[in-house]
Amino acid sequence: MVKLTMLARVTDGLPLAEGLDDGRDVTDIELYKHQVKALFKNLATGQNEPSRMSIESGSYVFHYIIEGRVCYLTMCDRSYPKKLAFQYLEDLKNEFVRVNGAQIETAARPYAFVKFDTFIQKTKKLYQDTRTQRNIAKLNDELYEVHQIMTRNVQDVLGVGEKLDQVSEMSSRLTSESRIYADKARDLNRQALIRKWAPVAIVLGVVFLLFWVRTKIW
């Protein structure tokens, strides 16, 4: 079954549309969404990935197509026919280009095409049951073959990007910790100065007070 659908602009990874009720029955759906966003980020940094690919991740498979600077991606059960997944994406692509093609490059905010979810939901329902006559006919359609579409593992695809993210996160953490240590060092220096000069200040204060009292008495 189709579990997740997301569209993003390839040039900068900006999310354009998403199946809004997708993934409610998927454990760790946020993990898979994170992987999708990492994939979009890799594509935006110029990773030379094929225009059509399947990526295995846990119990699911991401299938995507890239065309017209847009990545159309869906996540399905491993048992879901690859051929139907890509035909589902083709249907989404054709409609999205027809309706929103002129606005793709000018979109400035995430999910600018949220209304496209209506078409995603309608189309997803058509592809959910692989046993319908319509989908059986599509599976038997020899004009649309997917045998040559590469299948890879998510660790292989995102490995480099994930490592870069980890290095960046570690660098940020070290920078933050350095600031904390610097603040603590300043506090310790301040306390050391106080301990060093406080007795002197107290003695001078007492002497000044005695001198003041003496002048008042005399």
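Residues numbered from 1 in each chain as written. Predicted model: local features only at pLDDT ≥ 70, side-chain atom pairs only at ≥ 80, totals over all residues. Heavy atoms only, no water.

Scanning the protein chain for helices and strands turns up 5 helices and 6 strands. Going residue by residue from the N terminus, the α and β elements of the protein chain occur as β-β-α-β-β-β-α-α-α-β-α. Relative to its full complement of 218 residues, the protein chain shows a buried share of 38%. Considering only residue pairs separated by 6 or more positions, the protein chain has 67% of its internal contacts joining residues 24 or more positions apart. Approximately 13,800 Å² of the protein chain is accessible, and the part contributed by carbon and sulfur atoms is 57%. (Helix = DSSP H or I, 4+ residues; strand = E, 2+ residues; numbered from the N terminus. Buried < 20%, exposed > 50% of the residue type's maximum accessible area, 1.4 Å probe, protein only. Contact = heavy atoms within 4.5 Å. Areas by Shrake-Rupley, 256 points an atom, 1.4 Å probe, with all protein chains shown as cover.)

This part is about the packing of helix α2 (residues 82-100) against helix α3 (residues 117-128). Taken N-terminus to C-terminus, the directions of α2 and α3 make an angle of 155°; their axes are 10 Å apart at the nearest point. One finds that α2 runs roughly antiparallel with respect to α3. When you trace α2 past α3, the crossing you get is right-handed. Every residue of α3 that contacts α2 at Leu84, Gln87, Tyr88, Asp91, Leu92 and Glu95 is listed here: Phe119, Ile120, Thr123, Lys124 and Tyr127. Partitioned by chemical class, the residues of the contact of α2 with α3 number 6 nonpolar, 2 polar and 3 charged. (Axes fitted to C-alpha atoms, helices over the stretch in contact; angles between N-to-C directions. Parallel < 35°, antiparallel > 145°, perpendicular 65-115°, else oblique. Left-handed = near helix turned anticlockwise from the far one by under 90°. Nonpolar A, V, L, I, M, F, W, Y, C, P; charged D, E, K, R; others polar.)

A few words now on the pairing of strand β3 (residues 52-57). Note that β3 and strand β4 (residues 60-67) share 6 bridges and pair antiparallel. Pairing of Ile55 across the sheet is with Phe62, part of β4. Judged from the 4 bridges that link them, β3 and strand β6 (residues 150-153) form a sheet pairing that is parallel. Across the sheet, Met53 pairs through a bridge with Met150, a residue of β6. (Pairing = 2+ DSSP bridges.)

In this section: the sheet that holds strand β1 (residues 2-9). Strand order in the open sheet formed by 6 strands is β2-β1-β5-β4-β3-β6, with mixed pairing between adjacent strands. The two strands at the open ends of the sheet, each matched to only one other strand, are β2 (15-18) and β6. Put simply, the sheet's adjacent strands are angled 20° from each other on average, direction ignored. Where helix α1 (residues 29-44) meets the sheet, its contacts fall on β1, β2, β3, β4 and β5 (70-77), and the angle it forms with β5 comes to roughly 150°. Sheet strands touched by α3: β1 and β2. Its angle to β1, the strand with the most contacts, is close to 140°.

Turning to the confidence of the model for the protein chain, a few remarks are in order. Scored by pLDDT, the protein chain has a mean of 83; 84% of the residues are at 70 or more. In this model residues 161-171 is a low-confidence stretch, pLDDT under 50, and it forms 4 contacts with partners more than four residues away in sequence or in other chains. (pLDDT = per-residue confidence, 0-100.)

Within the largest apolar cluster, 27 residues are counted, with the highest numbers of intra-cluster contacts made by Leu7, Leu16, Phe96 and Phe116. Of all the secondary structure elements, the ones that give two or more residues to this core are β1, β2, β5, α2 and α3. When residues of this core are assigned to their parent elements, the largest contribution, 7 residues, is made by α2. Among all residues touching Leu7, those that are not within four sequence positions of it are Leu14, Pro15, Leu16, Ala17, Cys71, Tyr72, Phe96, Phe116 and Ile120. Counting residues in each nonpolar core, the second largest holds 24 residues, with Leu4, Tyr32, Cys71 and Met75 among its members. (Core = buried A, V, L, I, M, F, W, Y, C linked by side-chain atoms within 4.5 Å.)

For Asp28, which is not glycine, the phi torsion reads 60° and is therefore positive. Checked against the element boundaries, Asp28 lands in the loop between β2 and α1. Its identity as a non-glycine residue notwithstanding, Tyr111 has a phi of 55°, on the positive side. Note on placement: Tyr111 falls in the loop between α2 and α3.

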